[in-house]
Amino acid sequence: PIPCVPWQSQLWTLAVTQLDKIDVFVAAWTEFGRTVISNLREKTLGGPMFLDDINWRLNVQASHNTLSKVKAPVALFEMSLVPEDSINKDKAEKLIVEFTHDELFSFFQDLDKIQEKLDALS
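Residues numbered from 1 in each chain as written. Predicted model: local features only at pLDDT ≥ 70, side-chain atom pairs only at ≥ 80, totals over all residues. Heavy atoms only, no water.

Novice: I'd like to hear about the overall build of the protein chain, residue by residue, with values.
Specialist: On a plain count of helices and strands, the protein chain comes out with 3 helices and 3 strands. In the protein chain, the succession of α and β elements from N to C terminus is α-α-β-β-β-α. Counting all 122 residues of the protein chain, 15% fall into the buried class. Of the contacts formed within the protein chain by residues at least 6 apart in sequence, a portion of 38% connects residues at least 24 apart. Within the structure as shown, the protein chain displays about 10,500 Å² of accessible surface, and the carbon and sulfur contribution to it stands at 60%. (Helix = DSSP H or I, 4+ residues; strand = E, 2+ residues; numbered from the N terminus. Buried < 20%, exposed > 50% of the residue type's maximum accessible area, 1.4 Å probe, protein only. Contact = heavy atoms within 4.5 Å. Areas by Shrake-Rupley, 256 points an atom, 1.4 Å probe, with all protein chains shown as cover.)

Novice: I'd like to hear about the confidence of the model for the protein chain, residue by residue, with values.
Specialist: Taken as a whole, the protein chain shows an average pLDDT of 78; of its residues, 67% reach a score of 70 or greater. The spread of mean pLDDT over the elements of the protein chain runs between helix 1 (residues 5-13), the lowest at 60, and helix 3 (residues 101-121), the highest at 92. (pLDDT = per-residue confidence, 0-100.)

Novice: How would you summarise a nonpolar patch on the surface if you had to cite specific residues and measurements?
Specialist: The grouping of F107, F108, L111, I114, L118 and L121 at the surface amounts to a nonpolar patch, some 600 Å² of accessible area in total. Tracing the sequence through the fold places L111 in helix 3. Since its relative accessible area comes to 37%, L111 is described here as partly exposed. (Patch = residues over 30% accessible without salt bridge, like charges linked within 9 Å, V, L, I, M, F, W, Y side chains within 5 Å. Salt bridge = Lys/Arg side-chain N within 4 Å of Asp/Glu carboxyl O.)

Novice: Any chance you could break down the nonpolar core for me, citing the residues and the numbers?
Specialist: With 6 residues, the main nonpolar core is built from A75, F77, M79, L81, F99 and L104. Considering every element that reaches this core, the biggest residue donor is strand 2 (residues 71-83), with 4 residues. (Core = buried A, V, L, I, M, F, W, Y, C linked by side-chain atoms within 4.5 Å.)

Novice: Account for the packing of aromatic side chains, with residues named and values stated.
Specialist: The final tally for this structure, using the stated rule, is 3 aromatic pairs. When the centroid spacing of 5.8 Å and the interplanar angle of 75 degrees are considered together, the rings of F77 and F99 count as edge-to-face. Separated by 22 residues along the polypeptide, F77 in strand 2 and F99 in strand 3 (residues 93-100) bring together distant segments of the chain. The burial state of F77 is the same as that of F99; both residues are buried. Ring geometry for F99 and F107: centres 5.0 Å apart, planes at 25 degrees, overall stacked. With a relative accessible area of 32%, F107 lands in the partly exposed category. (Phe/Tyr/Trp six-rings, centres within 6.5 Å; stacked < 30°, edge-to-face > 60°.)

Novice: Give a description of the side chain of S80 that names residues and reports values.
Specialist: Topologically, S80 is positioned in strand 2. Taking relative accessible area as the criterion, S80 reaches 6% and is therefore assigned buried.

Novice: Lay out the environment of T100 with the relevant residues and their values.
Specialist: Tracing the backbone shows T100 in strand 3. Look at T100 and you get partly exposed, because its relative accessible area is 35%. As a C-alpha pair, T100 and P73 span 27 residues in sequence and 6.5 Å in three-dimensional space.

Next up, the structure:
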């Protein structure tokens, strides 16, 4: 069994002063603690997500003032991310990222550096 003495003293320190509650927790941990730890080892909490799909669009907003011809182009990316072991696409998370021209250029430069390092490894 998993040792419980440290748990008892920590629970007491955290102001769980009712001995019957401490005893119930210790009994449950003694009986199911190894199973809980084993199950947690098999799963990642907030683990890596993988890119499943990507959509993009370019937005160009002209200024409202007719005297000014300033345009602010923005690239929008919608990425569909799924957990590593997910077959079900319904569990996908959507991530929307917006880049100005300078931000997008910097992002692609960083991606190029990453690609160079990956190429050097293979």
